Amino acid sequence: MTFRVGDQWFGVDVMDVQEVIGHLRIARVPLAGPGIAGFLNLRGQIVTAIDVHQRLEISRHASDSSMNVVVRDGDELFALVVDEVGDVFAVSPGTLDPAPASLGGAWARACTGVVRMDQGLLAVVDVTRLLIEPNTRP
């Protein structure tokens, strides 16, 4: 499944995605770690919302709206707050290139590869590695 954050498109394994929901009110959490947008109430279940802009150090445009990609990591649900959700498509093994060695910081930890698309490069993200950042879990 693909989603956009800023000007960059990302892909995650669709098996990690539980659902996609529109913008929901996020309760800010005082002293939350970097990249934690807060908590949201998903049909009575409290879910940690991850600000992917902040997590991957991508600047935010004032016009960016948000959607939530709800992913499961073990027994916990997390909402990845993204700008736009795209299509679901299959990536054949021969089209997945390794992540460039020049990636640094959180990108290097989270990205497992890239796929060339007509619109540019799609960075493939490992959800677990994206969530491993310090202070992700409450």
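Residues numbered from 1 in each chain as written. Predicted model: local features only at pLDDT ≥ 70, side-chain atom pairs only at ≥ 80, totals over all residues. Heavy atoms only, no water.

1. Digging into the packing of aromatic side chains
So, point 1. One pass over the structure, following the stated rule, counts 2 aromatic pairs.
So, point 2. Their ring planes at 25° and their centres at 5.7 Å tell us that Phe3 and Phe10 sit as a pair that is stacked. Taken as a pair, Phe3 and Phe10 share a single burial class, namely buried. (Phe/Tyr/Trp six-rings, centres within 6.5 Å; stacked < 30°, edge-to-face > 60°. Buried < 20%, exposed > 50% of the residue type's maximum accessible area, 1.4 Å probe, protein only.)

2. Concerning the nonpolar core
So, point 1. Within the largest apolar cluster, 24 residues are counted, with the highest numbers of intra-cluster contacts made by Phe3, Phe10, Leu56, Val69 and Leu80.
So, point 2. Sorting the residues of this core by element identifies strand E1 (2–5), strand E6 (67–73), strand E7 (76–82), helix H2 (105–110), strand E11 (120–125) and helix H3 (127–131) as the ones contributing at least two each.
So, point 3. For Leu80, the contacting residues outside a window of four places in its chain are Phe3, Ile50, Val52, Met67, Asn68, Val69, Val71, Leu130 and Leu131.
So, point 4. Ile21, Ile26, Leu40 and Val70 belong to the second-largest nonpolar core, a separate cluster that totals 11 residues. (Core = buried A, V, L, I, M, F, W, Y, C linked by side-chain atoms within 4.5 Å. Helix = DSSP H or I, 4+ residues; strand = E, 2+ residues; numbered from the N terminus. Contact = heavy atoms within 4.5 Å.)

3. Considering the side chain of Asp83
So, point 1. Mapped onto the fold, Asp83 is located in the loop between E7 and strand E8 (84–85).
So, point 2. In this structure the side chain of Asp83 is engaged in a polar contact, spanning 2.8 Å, whose partner is the side chain of His53. (Polar contact = N/O pair within 3.5 Å; in protein donor to acceptor, adjacent residues only side chain to side chain.)

4. As for the confidence of the model for the chain
So, point 1. Per-residue pLDDT for the chain averages 89, and the proportion of residues at 70 or more is 93%.
So, point 2. Within the chain, the lowest mean pLDDT, 87, falls on H2, and the highest, 96, falls on strand E3 (residues 17–21). (pLDDT = per-residue confidence, 0-100.)

5. What to know about the pattern of salt bridges
So, point 1. All chains considered together, the criterion is met by 5 salt bridges.
So, point 2. A salt bridge links Asp51 to Arg60; the shortest N-O distance between them is 2.7 Å.
So, point 3. By relative accessible area, which is 46% here, Arg60 ends up partly exposed.
So, point 4. With a closest N to O distance of 2.9 Å, Asp97 and Arg116 form a salt bridge. (Salt bridge = Lys/Arg side-chain N within 4 Å of Asp/Glu carboxyl O.)

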